[in-house]
Amino acid sequence: MISIALRQMMARKRQTALTLLGIVFGSTAYIVMSGILLGFREYLVDQLINNDAHVRISARNEVIHEDSLDDRLLDPGERIRWIVPPSGRRDHARIENPSAWYNRLTSDADVSAWSPQLAAKVIFRRGTISEAGKMIGIFPGRQEKVTVIRSQMIQGEFRDIAEGGNRLIMGEGLRELLGARTSEAVHVTVGRGDAVPFKIVGVFQTGNKAFDDSTCFAYLSDVQRLNRTPGVITDIAVRLRDVSASRAKSDFWARISQENVRSWEETNANFFSIFRLQDAIRYSMSISILVVAGFGIYNILNIVINQKKREIAILRSIGFESRDIGVIFLIQGVILGVAGGLIGMILGYLVCLKLETLNFSNPLIQTKTGKMMVSYRLATYVQAYLLALVSTLVASVLPARSAGRLAPIEIIRGE
């Protein structure tokens, strides 16, 4: 039956080739789209994981409701009717008991590194230029173990601020906005008191434009002194040995503490919404292409059946059952699906290799032009192959059934 199916396909070479091309292009398009979208996703997730903490412990804040002050103003059982109800937010500008957190993190086997931080909103001034931004006080040795900031230095060394003495390392975008150079001084103020001069000893570039345009790092004690909050920290950045455990670990710490504990997935939840939208788009586009190819297969097989009625009658008259006739045409769909899926996988891989060599500048990141980011996940190729095979099988079932139902006497009478 396979030889009969092949002979019938070769008798209509142009129709067979066009059908095969539809399947090939459908599976190729799926692989290329998935490779680009997943490649960018893998790059972005890598940036999110390595540029910030896996888990961030921050000073808590609470939204004030009408009953938020009842425990302070009223005795048990009493109620109050507000003419103007309280609103706003109750902030805690510090982690209340950092030493307890230090002990907990040090003794936790899942924690790879941690770094205390003090984040202060500041104004940078250089001459007549002023820019609002954020200064993060850190211990350089600890911060290097939590993020990959050391590898993102484009001028100077990250540990140059370890000695203190009002030194800072500035984002490349912020440096350009201020028009400053390395070894120059900028004046920094938190909005109260005199501005304090800080010397720029290094420049970093993470690729996150918003971060690079507004942030600098300095030694923790220097920022505490500038902010007039000695001994205070607002965050603890934590890196885990297994990044996939960050959500569970943050939930556990949030239950046993009063601080605001968030994993990197929670902090970047908006990106995961975009990822789900990307998946929906690539699946819908690829399925649409393969549905069109499936209709092509259906129509071509129907035409072939009409053209091969005499041969079908001969096959039935020499002993072929109706099921055998259906299998012959179903085999043709399987051959088209298998061949189209395999060729599409190879062509998709070659196109991805070519795309990977093209220069590409991502509008979402600030870094210099690089190469196209392409993913080569095995699951993508398996999915493309299965989509091609399933679409051809589904498109071949109805023509195969109709061919099997043809009776020899009816064909002869029709002829």
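So, here's what we can say about the structure.

Thresholds, definitions, all that
Residues numbered from 1 in each chain as written. Predicted model: local features only at pLDDT ≥ 70, side-chain atom pairs only at ≥ 80, totals over all residues. Heavy atoms only, no water. Helix = DSSP H or I, 4+ residues; strand = E, 2+ residues; numbered from the N terminus. Buried < 20%, exposed > 50% of the residue type's maximum accessible area, 1.4 Å probe, protein only. Contact = heavy atoms within 4.5 Å. Areas by Shrake-Rupley, 256 points an atom, 1.4 Å probe, with all protein chains shown as cover. Phe/Tyr/Trp six-rings, centres within 6.5 Å; stacked < 30°, edge-to-face > 60°. Lys NZ or Arg CZ within 6 Å of the ring centre and 35° of its normal. Core = buried A, V, L, I, M, F, W, Y, C linked by side-chain atoms within 4.5 Å. Pairing = 2+ DSSP bridges. Salt bridge = Lys/Arg side-chain N within 4 Å of Asp/Glu carboxyl O.

## With respect to the overall build of the chain
Piece 1. In terms of helices and strands, the chain carries 15 helices and 14 strands.
Piece 2. Counting across all 415 residues of the chain, residues that qualify as buried make up 43%.
Piece 3. For the chain, the share of sequence-separated contacts (at least 6 apart) that also reach a separation of at least 24 residues comes to 75%.
Piece 4. Surface summary for the chain: the accessible area is close to 22100 Å², and the carbon and sulfur share equals 57%.

## Re the packing of aromatic side chains
Piece 1. Under the counting rule described, the total for this entry stands at nine aromatic pairs.
Piece 2. Three or more aromatic residues joined by ring pairs make a cluster, and in this case those are F158, F204, F211 and F217.
Piece 3. In this arrangement the basic side chain of R104 is found over the ring face of W101, its NZ or CZ atom lying 4.4 Å from the centre.

## Describing the environment of G137
Piece 1. Relative to the assigned elements, G137 resides in strand β5 (residues 129-138).
Piece 2. Judged by relative accessible area, which is 0%, G137 ranks as buried.
Piece 3. Along the backbone, G137 and L220 are 83 residues apart, and their C-alpha atoms lie at a distance of 3.9 Å.
Piece 4. What G137 contacts, discounting residues up to four positions off in sequence, is P116, Q117, L118, A218, Y219, L220 and V223.

## Digging into the nonpolar core
Piece 1. In this structure, M135, L168, V238 and W253 are the most contacted members of the largest nonpolar core, which totals 34 residues.
Piece 2. Element by element, the count of residues in this core is highest for strand β4 (residues 111-126), at six residues.
Piece 3. Counting residues in each nonpolar core, the second largest holds ten residues, with F158, I161, F204 and F217 among its members.

## What to know about unusual backbone geometry
Most peptide bonds take the trans configuration, and most residues that are not glycine carry a negative phi.
Piece 1. Backbone geometry at N166 places phi at a positive 55°, although glycine is not the residue there.
Piece 2. In the Ramachandran plot, S183 falls in the positive-phi region, its phi being about 80° despite a non-glycine side chain.
Piece 3. Here S183 shows up in the loop between α6 (172-178) and β8 (185-189).

## Overview of helix α8 (residues 220-227)
Piece 1. In terms of residue burial, α8 counts as a mostly covered element, since six of its eight residues are buried.
Piece 2. Among the residues of α8, those classed as buried are L220, D222, V223, Q224, L226 and N227.
Piece 3. Residues of α8 that are buried make contact with β4, β5, β7 (167-171), β8, β9 (196-204) and β10 (215-219).
Piece 4. Looking one or two residues beyond α8, the residue adopting positive phi is R228, at roughly 60°.

## As for the pairing of β7
Piece 1. Counting buried positions along β7 yields four of five residues, so the element is predominantly enclosed.
Piece 2. In terms of strand pairing, β7 meets β9 through five bridges, oriented parallel. Looking at β9, one finds that I169 is bridged to G202.
Piece 3. As paired elements, β7 and β10 share three bridges and run antiparallel to each other. Note that in β10 the partner of I169 across the bridge is F217.

## Points about the pattern of salt bridges
Piece 1. Inspection of every chain in the model, using the stated rule, returns twelve salt bridges.
Piece 2. For D235, the salt bridge is made with R56, and the minimal N-O distance between the two is 3.8 Å. Taken as a pair, D235 in strand β11 (residues 235-240) and R56 in strand β1 (residues 55-58) lie far apart in primary sequence, 179 residues in all.
Piece 3. Of the residues examined, D235 reaches a relative accessible area of 11% and is grouped as buried.
Piece 4. Given the relative accessible area of 21%, R56 is considered partly exposed.
Piece 5. Between K249 and D110 there is a salt bridge, and its shortest N-O distance comes to 3.0 Å. Here K249, found in helix α9 (residues 246-255), pairs with D110, found in the loop between α4 (98-107) and β4; they are 139 residues apart in sequence, far enough to count as distant.
Piece 6. Classification of K249 by relative accessible area gives buried; the value is 12%.
Piece 7. A network of salt bridges, in which partner residues are shared, links D52, R56 and D235.

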